[in-house]
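# Chains, contacts and geometry: an overview
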There are 2 protein chains.
Amino acid sequence: MYENNGVVLVLSGPSGAGKSSLLNKIINDIGECYFSISTTTRAPRDGEEDGVHYYFVSEEEFKKDIEEELFLEHAVVHGNYYGTSIKPVKEALSEGKLVIFDIDVQGNTAVNNRLGDITTSVFITPPTLSELKRRLESRATDSQDIIDKRINMAKREIQRMSEYDYLIVNDDLDIAADVLRQIAKTARIKIPTDRVNEFVQNWEDI
Amino acid sequence: MYENNGVVLVLSGPSGAGKSSLLNKIINDIGECYFSISTTTRAPRDGEEDGVHYYFVSEEEFKKDIEEELFLEHAVVHGNYYGTSIKPVKEALSEGKLVIFDIDVQGNTAVNNRLGDITTSVFITPPTLSELKRRLESRATDSQDIIDKRINMAKREIQRMSEYDYLIVNDDLDIAADVLRQIAKTARIKIPTDRVNEFVQNWEDI
């Protein structure tokens, strides 16, 4: 009953919250996963590969996919389009995988509207705004303009933390990873509504 | 952040689902708990003690407490009153305990209305109706009349399974206990909305 159910884990939180570091620490402990790869119109950063970090497409291609309703969710952030294609998500769910989304607050709302019964959502945040600034500046991959945009977005997103099932304050990486591991394992136990209904129908066996 | 939060675990499911056996198997693994003791007007069964299994009160006393709004929830089942007093629950939450409720579907709705942000709800069921009948009859503590009432109530409650966060089919006790342990540990990570709001207010520290 608890196996072979595809389920969803949504991770949101500011760039600089440490989502990737946390995932790296737990990835071997949480069973077979599929990382949803977003499609975007923004330019690749140094080291980013098409089909690994993002699917990089033109704005024209992106708009065509919107028209054909091929996105589970999509949004415009800092002037660039970001979206999640439905097809690979459905395939991964049918294979019983834990589908992990790294998406923003709007994306979480969209995923919950479509897949709420099997979705567990987690907001990951640095302990303070000044710590977030410190992390973004020490990373030195982004221009000051981008850092300012990220900080403004973080301030807005933080306000919607309570829309999530769980909050992780990433102060100590090991503690935060333990909490995320715990949440991810429990996410596996969610049973889709259609399977619950099927169970109920078969329950009265006499 | 994850400690010293009082949180709630609701367990529902037919009498005969094995809730007590499951709790006994996990109770030493899930931290400090407070088992909410219901107040009832029904007569004690053999071996049931006042203040341990239930608070046994008269219908007159029960109705007085309803008027004074001293119940978190209350309901009439099989002609008897059952309710949960607010005071010990609030105390246990303020001490950071995991408050465990063994209540019916109506009770779950009531608890979620009041404490939804810190509540994790689990519906525990035997694999089939015939298995439930077998368990109730082999227990031999109840009259056939009571067994019939329990079975009718189970048929109604099963229909509302999808209102719960998690479903446990108690077929194999060890597997079911592993699942419940996992859920109970994760229940601990829920953070009350007022503490999330406090965190958000203090987050912009500069």
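Quick caveat, the model's predicted, so the values are computed rather than measured.

Looking now at the packing of aromatic side chains. Counted by the stated rule, this structure contains 10 aromatic pairs over all chains. Both rings, one in A:F62 and one in A:Y81, keep their centres 5.2 Å apart while their planes meet at 45°; by these two values the pair is tilted. With A:F62 in helix α2 (residues 59–67) and A:Y81 in strand β6 (residues 80–85), this pair connects stretches of sequence that are 19 residues apart. Judged by relative accessible area, A:F62 falls into the buried class, the value being 0%. When the ring of B:Y54 is compared with that of B:F56, the centres are 5.7 Å apart and the planes differ by 50°; the resulting orientation is tilted. Note on B:Y54: relative accessible area 18%, which makes it buried.

Another point: the sheet that holds strand β8 (residues 119–125) of chain B. The pairing of strands in a sheet happens through backbone hydrogen bonds and is either parallel or antiparallel. Residue and element names in this part refer to chain B. Ordered by their spatial adjacency, 5 strands build an open sheet running β2-β7-β1-β8-β9, and the pairing between neighbours is parallel. Looking at the sheet topology across the chains shown, the edges are occupied by β2 (33–35) and β9 (166–169). For this sheet, the mean angle separating the axes of adjacent strands, direction not counted, is 25°. For β8 and β9, the ladder comprises 4 bridges, and the chain directions are parallel. Among the inter-strand pairings, T125 is bridged to a residue of β9, identified as V169.

Moving on: unusual backbone geometry. Notably, A:H78 is not glycine yet its phi reads approximately 50°, a positive angle. Looking at the secondary structure, you find A:H78 in the loop between β5 (71–77) and β6.

Before going further, it helps to spend a moment on the relation of the copies chain B and chain A. When chain B is fitted to chain A, the best match, at an RMSD of 0.1 Å, comes from turning it 180° and sliding it 0.0 Å along the axis. Viewed as a symmetry operation, the transformation between the two copies matches a two-fold axis. Closest to the rotation axis within chain B is the C-alpha of B:T186, separated from it by 3.4 Å. A share of 100% of interface residues in chain B that are also interface residues in chain A marks the association as one of identical surfaces.

Another point: the sheet that holds strand β3 (residues 39–40) of chain A. Residue and element names in this part refer to chain A. If you walk across this open sheet you meet the 4 strands as β4-β3-β6-β5, and the pairing is mixed. The open sheet terminates on both sides in strands that have one partner only, identified here as β4 (55–56) and β5. Pairing analysis gives 2 bridges linking β3 to β4, with the strands arranged parallel. In the strand pairing of β4, T39 is matched with Y55.

The rules behind each value
Each chain carries its own residue numbering, running from 1 in the written order of its sequence. In the order they appear in the text, chains get letters beginning with A and ligands get numbers beginning with 1. Local features in this predicted model are restricted to residues of pLDDT 70 or higher, and side-chain atom pairs are both shown and tallied only at a pLDDT of 80 or more, whereas totals for entire chains, interfaces and linings draw on every residue. Side-chain metrics in this entry use all non-hydrogen atoms of the structure; hydrogen atoms and water are not considered. Only the six-membered ring of Trp is used, alongside the rings of Phe and Tyr, when aromatic pairs are assigned; centres must lie within 6.5 Å, and planes under 30 degrees apart are stacked while those over 60 apart are edge-to-face, with the rest tilted. Numbered from the N terminus, helices here are DSSP runs of H or I no shorter than four residues, and strands are runs of E no shorter than two. Each residue gets one of three labels from its accessible area relative to the maximum for its type: buried under 20%, exposed over 50%, partly exposed in between, using a 1.4 Å probe on protein chains only. In this scheme, strands are said to pair when DSSP sees at least two bridges between them. Between N-to-C directions, angles span 0 to 180 degrees; the directions come from axes that are lines fitted to C-alpha atoms, helices contributing only their stretch in contact. The superposition of copies rests on a least-squares fit of C-alpha positions from residues with pLDDT of 70 or more in both. Whether two residues are in contact is decided by their heavy atoms: any pair within 4.5 Å suffices.

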